[in-house]
Every structure is written in structure tokens, then in C-alpha cells.
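Chain residues, written in single-letter form:
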There are 2 protein chains.
Amino acid sequence: MKATVQIFLKPGVLDVQGKAVEASLHGLGWPGVREVRVGRTITFDLDGADKAAAEAEVKAMCDKLLANNVIETYRVEVE
Amino acid sequence: MKATVQIFLKPGVLDVQGKAVEASLHGLGWPGVREVRVGRTITFDLDGADKAAAEAEVKAMCDKLLANNVIETYRVEVE
């Protein structure tokens, strides 16, 4: 199965990378860009055939390693 | 409009972050994880109402700033 994890900073946390990208895009001639947020996407293959069990496993991986639950939120997709 | 850009290393390029995450997951007790790839996701709001024009703009932003076309590929979604 294929797992995709999207990790973003929580809305209240200052996204420094996002601010930097936003300023650069403005400087390059795209003033209409707002609310830039930069996150991580992690994809991987996973053994097993039970989708629900796999989703639970991937959430456990997020809680243990992939995401920092204090300042980040994550979204899991398993196909 | 809301733009989402997903940027990944091209398949032939060694994904060092992916390898590190894979080794860590194996060490934490998930040996069934393979082919880990780590990419960036950038979301932002964009002025304008024409979807096709917005997509072209976002692709131009990717080519100019957001992605390194030598080693990365990107996928653009505009809603």
C-alpha cells in the first residue's frame, strides 16, 4: 500500500519559510500571493492489505517520529 | 483562489532525507516501510478568477523560485 503524509505547522505558529517565500514571490513580481505556508510531504510503501490498520500504523509513525505534535498537524492518506 | 504545489526530488536523485526517515522507522519497529520520499508542499492564496491563468502563473513561480528543475519535479493544483 502507498501512504502519503502531509505535515504543516499549526495555524497559530509563525511559518518563517512561508514568509520568506511570500516575500520572494512579491519581489519577483507576484504581489497577489498571500498566506504562503510551507509543509512536508512524506510518501512511502507499506506492507499489509488492511487499510484501516495501515492508517493507524502511519498515525503512530507520525506521533512517534514524522511530526512534531506540539507545533505541527498532519494528514494521513493510505491507498 | 487556493494554490497547492507539491515538490519532490526526481526519481533518479538520491533522497537523503527519505533514507534517514526510512532507517529511523525501521529502527522504531516498522520494518515494512519502503521507498520513503520526502518532499515540500507549498500552499497559498492567489488573486484572480481564471483557473487556467492561475495555473500558468503558479507554474511560472515554480520554474522561477519554488522548485529546482534540475533535480526536482512539481505538481500544481489550483482550486
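As annotated in an unreviewed UniProt entry, chain A carries the name Phosphoribosylformylglycinamidine synthase subunit PurS and is attributed to Caulobacter ginsengisoli. Turning to chain A, the UniProt annotation filed under Sequence similarities (unreviewed entry) states: "Belongs to the PurS family." Its UniProt record, at the heading Subcellular location (unreviewed entry), says of chain A: "Cytoplasm".

Asks: Would you explain the interface of chain B and chain A in this entry?
Replies: Interface size, as often reported, equals the accessible area lost upon joining of the parts. Facing 29 residues of chain B, the contacting portion of chain A comprises 29 residues. Between chain B and chain A lies a buried interface of about 2,700 Å² when both sides are counted; carbon and sulfur atoms form 63% of it. Looking at the side of chain B facing chain A, the largest losses of area belong to B:Trp30, B:Thr41 and B:Asp45, adding up to 21% of the total buried there. On inspection of chain B and its partner chain A, the count reaches 2 salt bridges.

Asks: For this particular structure, what's the right way to read helix 1 (residues 16-27) of chain A?
Replies: Within an α-helix, residues lying three or four positions from one another point in the same direction, as the helix has 3.6 residues per turn. Residues and elements named next belong to chain A. The end-to-end C-alpha separation of helix 1 is 17 Å, in line with the 16 Å expected for 12 residues at 1.5 Å each. When we look at burial in helix 1, the residues that qualify are Gly-18, Val-21, Glu-22 and Leu-25. Buried residues of helix 1 fall within an arc of 100 degrees about the axis and therefore sit on the same side. Exposed side of helix 1, more than 90 degrees from the buried face: Val-16 and Gly-27 are the residues found there.

Asks: How should I be thinking about the relation of the copies chain B and chain A in this particular structure?
Replies: Note that the two copies of the chain are related through a rotation about an axis and a translation along the same axis. Note on the identical chains: chain B maps onto chain A by a rotation of 180 degrees and an axial translation of 0.0 Å, with an RMSD of 0.0 Å. Within this description, the copies of the chain are treated as partners about a two-fold rotation axis. Measuring from the rotation axis to each C-alpha of chain B, the shortest distance belongs to B:Arg40, at 2.3 Å. Comparing interface residues between copies, 100% of those in chain B also lie at the interface in chain A; the contact surface is shared.

Asks: Explain the packing of helix 2 (residues 51-66) of chain A against helix 1 (residues 16-27) of chain B here, please?
Replies: The packing of two helices is summarised by the inter-axis angle and the distance between the axes. Two elements in contact, helix 2 of chain A and helix 1 of chain B, have axes whose closest approach is 11 Å; the angle formed by their N-to-C orientations is 105 degrees. Of the possible angle classes, the one that applies to helix 2 of chain A and helix 1 of chain B is roughly perpendicular. Packed against helix 2 of chain A, whose contacting residues are A:Met61, A:Leu65 and A:Leu66, the element helix 1 of chain B presents B:Val21, B:Ser24 and B:Leu25 at the interface. Each residue belonging to the contact of helix 2 of chain A with helix 1 of chain B can be placed in one class, and the counts come to 5 nonpolar, 1 polar and no charged.

Asks: Teacher, can you tell me more about the pattern of salt bridges here?
Replies: It is possible for side chains bearing opposite charge to pair when their charged atoms get close. With the rule as written, the count across this model stands at 6 salt bridges over all chains. In this structure, A:Arg34 engages B:Asp47 in a salt bridge whose closest nitrogen and oxygen atoms are separated by 2.5 Å. Of this pair, A:Arg34 sits in strand 2 (residues 33-46) while B:Asp47 sits in the loop between strand 2 (33-46) and helix 2 (51-66), which puts the two residues in different chains. Across the salt bridge formed by B:Glu77 and B:Arg75, the nearest N and O atoms sit 3.8 Å from each other. Exposure remark for B:Glu77: the relative accessible area of 35% places this residue in the partly exposed category.

Asks: Which parts of the structure should I look at to understand the environment of A:Val70?
Replies: Residue position: A:Val70 is located in the loop between helix 2 and strand 3 (72-78). Separated by 61 residues in the primary sequence, A:Val70 and A:Leu9 have C-alpha atoms spaced 9.3 Å apart.

Criteria and cut-off values
Residues numbered from 1 in each chain as written. Chains lettered and ligands numbered in written order. Predicted model: local features only at pLDDT ≥ 70, side-chain atom pairs only at ≥ 80, totals over all residues. Heavy atoms only, no water. UniProt positions renumbered as here; feature names shortened; annotations may be inferred. Contact = heavy atoms within 4.5 Å. Buried area = accessible area lost by both parts, 1.4 Å probe. Salt bridge = Lys/Arg side-chain N within 4 Å of Asp/Glu carboxyl O. Helix = DSSP H or I, 4+ residues; strand = E, 2+ residues; numbered from the N terminus. Expected span 1.5 Å × (residues − 1). Buried < 20%, exposed > 50% of the residue type's maximum accessible area, 1.4 Å probe, protein only. Arc of directions from axis to C-beta. Least-squares fit on C-alpha atoms with pLDDT ≥ 70 in both. Axes fitted to C-alpha atoms, helices over the stretch in contact; angles between N-to-C directions. Parallel < 35°, antiparallel > 145°, perpendicular 65-115°, else oblique. Nonpolar A, V, L, I, M, F, W, Y, C, P; charged D, E, K, R; others polar.

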